[in-house]
Each structure stands twice: as C-alpha cells, then as structure tokens.
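# Analysis of the macromolecular model
Each chain, written out:
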Amino acid sequence: MSLLPENKPMEKNITPKVFFIWGQSMHGKTYLARQFPDPIIINTDGNGKKIDTPHVDVYDFETFVNVLREIEEGKHTFKTIVIDLVDDIKTFLEEYVCKKYGVENLADAGFGKGFGDVKATWKRLMIRLTQLPYYVVFISHVIQVTDEYDKDKTIEQPSLEQKYLNMTKGRTDVMIKCQKVGKNYLQLCNEKRDLYHRSDIKDEKLYNTLSNVKSLFEDNKPTIQNVEPKKVIPGKKPEIINVDEETTKEEPKSNLKDLATELVEKKPTTKKSLLIKRGGNE
C-alpha cells in the first residue's frame, strides 16, 4: 500500500490544538485551562487538590513519563492534557539526567553530555506530546527581561528558559497571556500560528473556551471604514452639510476593551513556527 496521497488538494484543518498559557500567579491561567474540553491536569506545584478537575500530582520525571505512557494508551475519556507547570517538568528532567550521570550539576557530566541529553530529551518530549490526539495546554509563569532593542526597558515573557521555550513554542499553535487588572481577568493572544476565524473551531466547547481571548480571531476585530475626503472644486464655495447630532457622538469604550488595548503591545503575529518560577494557587 502506498503511503503517498492522491495528487489533488486535501481538506485543510487549522483548528488550534496546542496552547501555551502564561502569566503571573493567581492571574487565571489554571482557571482558563480547566475550561478546555474534558481536561486532565498533570500538576507539579501541589495545587491540584484545591480544584475539582481530574488531576495527577507528579514530583519527578519518571512519574511524568509513566503518566504520559498511560495517556498514550487511550484507555480514558480525557480530551485535553494540561501540564501545570511546564517549567517544573524541565527541572525534573535536569534532575533525572544528573541522577543518570551520578552528578549534582549538569556541568559536572563533562563534555556537555548533561546539557545535550536534556536538550535532546526535551525536543523528543515536545514531539511526543504534540502528536497525541488530544488538545495540549502548557502553563508557565512570567519573568521580567531586558528588551534587546531598548536596554532601559523591561518586558515580560514566559519564565521557561529561552532555548527550551523556543522548542516548546515551535510546537504551539496559540500563546495566551493571562493578566488580572482590578477585578477583571484578561486573556490576550500574543502569538498564533495561523489567521484563525471563528468558523475554524469545530469543537463547540473549545470555541466557548476561546471566545473571550482577545486578538485571537480575525473576524472579532473592529471594522475601520475608509472614507475618502471630499474633493473641493476651485472657485466653488464648499457646501455646508447639517450632520445629525446622533452621528457625531462617539460610543463609550468599555473599560475591559481599553485595558486589553493597553496591555497588547503589538498585534499577534502569524508564524510558521511558534511555542515558565513556581507560584501559588492559580
């Protein structure tokens, strides 16, 4: 049997499947992840017992791999795998590799073997996770870093170490930053793989989960009308037009929309490739 498809256009499916949620502690990250379809949370920070969502507590890399194997067998009804926190999984992996080489620090493994082993294993892990027939949600914290273009300015980014963050983003479809402002919990899409429209989300529960994420859907943006200026004919007196007062009033902007506009520094970019400090209760 041939492994090649027929030479004809294939049906496209760009439904986002892998998500990276990040932000400060208690800013709604875990709450958002719990809204995904039929989730199970692989919990590393000891907060699993504080929620009623099905969860597994893991404290080392061996346990995490065993849980992943059981998920791969498919003898369950979960549809979403939530890793809370992905930063801790990376720490567990480093501890596992140190134990493997009988050293206390990766640098003591010699010839870069420890670092190389962690990097290669992480890459395989990302491939393995994102090829599962489920939604996958990574959760990470936030850190302040110096802007590479303006050394006097700091910006926020996920706290997962940069090279591991890059490998994870490379397998991610949508990145969502959670931020609490006053009593409002904002969910802002800061990176995405495609230009998504609401019709791209076939799963109703997933659609409901993502419906409040700002800047995610292209058909949820305000329409700006382009009006050409009226030409003035030389020597002709401009015509005075009475404009109804109702048409000149600006609609008041909602506080939530203003906050979202302030927080989003730039529009989310569409990338061919995309993809954390422990905290308290989410």
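Going by the structure above, here's the rest.
Every chain is numbered on its own, with residues counted from 1 as its sequence reads. Reporting of local features is limited, given that this is a predicted model, to residues whose pLDDT is at least 70; pairs of side-chain atoms are given and counted only at 80 or more, and all residues count toward the totals for whole chains, interfaces and linings. To get the side-chain values, all heavy atoms of the structure are used, and hydrogens and water are removed first.

### Digging into the overall build of the protein chain
Put simply, DSSP marks the helices as runs of H or I at least four residues long and the strands as runs of E at least two long, and each gets a number from the N terminus on. Secondary structure summary: the protein chain contains 8 helices and 10 strands in total. Only protein chains enter the accessibility calculation, which uses a 1.4 Å probe. A residue is then buried if its area is under 20% of the maximum for its type, exposed if over 50%, and partly exposed in between. Looking at the protein chain as a whole, 40% of its 282 residues qualify as buried. Only the protein chains shown count as cover for residues, and all accessible areas are computed by the Shrake-Rupley method using a 1.4 Å probe. When the accessible surface of the protein chain is totalled, it reaches about 18,200 Å², and 50% of it is carbon and sulfur.

### Considerations on the nonpolar core
Within the largest apolar cluster, 37 residues are counted, with the highest numbers of intra-cluster contacts made by Phe-61, Phe-64, Ile-89, Trp-122, Leu-125, Leu-129 and Phe-138. When residues of this core are traced back to their parent elements, those giving at least two are strand E1 (18–23), strand E2 (39–43), helix H2 (61–73), strand E4 (80–84), helix H3 (86–101), helix H4 (113–130), strand E5 (135–140) and helix H5 (162–169). We call two residues in contact when some of their heavy atoms are within 4.5 Å. What Ile-89 contacts, discounting residues up to four positions off in sequence, is Thr-44, Val-58, Phe-61, Phe-64, Ile-83, Trp-122 and Leu-125. The next biggest cluster of nonpolar side chains, apart from the first, holds 24 residues, and it includes Ile-51, Val-137, Ile-176 and Leu-216. As used here, the term nonpolar core means buried Ala, Val, Leu, Ile, Met, Phe, Trp, Tyr and Cys residues forming a set that is joined through side-chain atoms within 4.5 Å.

### A word on the packing of H2 against H4
At their nearest, the axes of H2 and H4 sit 12 Å apart, and the two run at 25° to each other. With respect to H4, the axis of H2 lies roughly parallel. Judged by the twist between their axes, the crossing of H2 over H4 is left-handed. Every residue of H4 that contacts H2 at Phe-61, Phe-64, Val-65, Leu-68, Arg-69 and Glu-72 is listed here: Thr-121, Leu-125, Arg-128 and Leu-129. Only Asp, Glu, Lys and Arg are considered charged in this grouping, and only Ala, Val, Leu, Ile, Met, Phe, Trp, Tyr, Cys and Pro are considered nonpolar; every other residue, Gly among them, is considered polar. The residue inventory of the contact of H2 with H4, partitioned by class, reads 6 nonpolar, 1 polar and 3 charged. Note on geometry: axes are C-alpha line fits, over the in-contact stretch for helices, and angles between N-to-C directions span 0 to 180 degrees. Here the angle decides the label: under 35 degrees means roughly parallel, over 145 means roughly antiparallel, 65 to 115 means roughly perpendicular, and every other value means oblique. When the near helix sits turned anticlockwise from the far one by under a right angle, the crossing is termed left-handed; a clockwise turn instead gives a right-handed crossing.

### Re H3
Each full turn of the α-helix corresponds to 3.6 residues, which orients residues three or four apart in the same direction. Given the number of residues in a helix, its expected span is that number minus one, multiplied by 1.5 Å. When the terminal C-alpha atoms of H3 are compared, their 23 Å separation across 16 residues agrees well with the 22 Å that a helix rising 1.5 Å per residue should span. Of all the residues in H3, the buried ones are Val-86, Asp-87, Asp-88, Ile-89, Lys-90, Phe-92, Leu-93, Val-97 and Cys-98. Immediately downstream of H3, the backbone of Gly-102 shows phi near 70°, a positive value.

### Details of unusual backbone geometry
In this chain, Asp-84 is followed by Leu-85 through a cis amide linkage whose omega measures 20°. With respect to the secondary-structure elements, Leu-85 resides in the loop between E4 and H3. For Met-26, which is not a glycine, the phi torsion comes out positive at approximately 60°. Secondary-structure assignment places Met-26 in the loop between E1 and helix H1 (29–34). By relative accessible area, which is 52% here, Met-26 ends up exposed.

### What to know about the packing of aromatic side chains
Whether two aromatic rings pair depends on their centres lying within 6.5 Å, for rings of Phe, Tyr and Trp, where Trp uses its six-membered ring; planes under 30 degrees apart make the pair stacked, over 60 edge-to-face, and the rest tilted. Evaluation of the coordinates by the stated rule reveals 6 aromatic pairs. Relative to Tyr-96, the ring of Phe-61 has its centre 5.6 Å away and its plane inclined at 45°; by these criteria the two rings are tilted. Note that Phe-61 is positioned in helix H2 and Tyr-96 in helix H3, a separation of 35 residues in sequence. A residue is classified by how much of its surface remains accessible, and Tyr-96, at 35% relative accessible area, is partly exposed.

### Observations concerning H4
For H4, with 18 residues, the first-to-last C-alpha span of 26 Å sits near the 26 Å given by 1.5 Å per residue. The inward-facing, buried residues of H4 abut E1, H2, E4, H3, E5 and H5.

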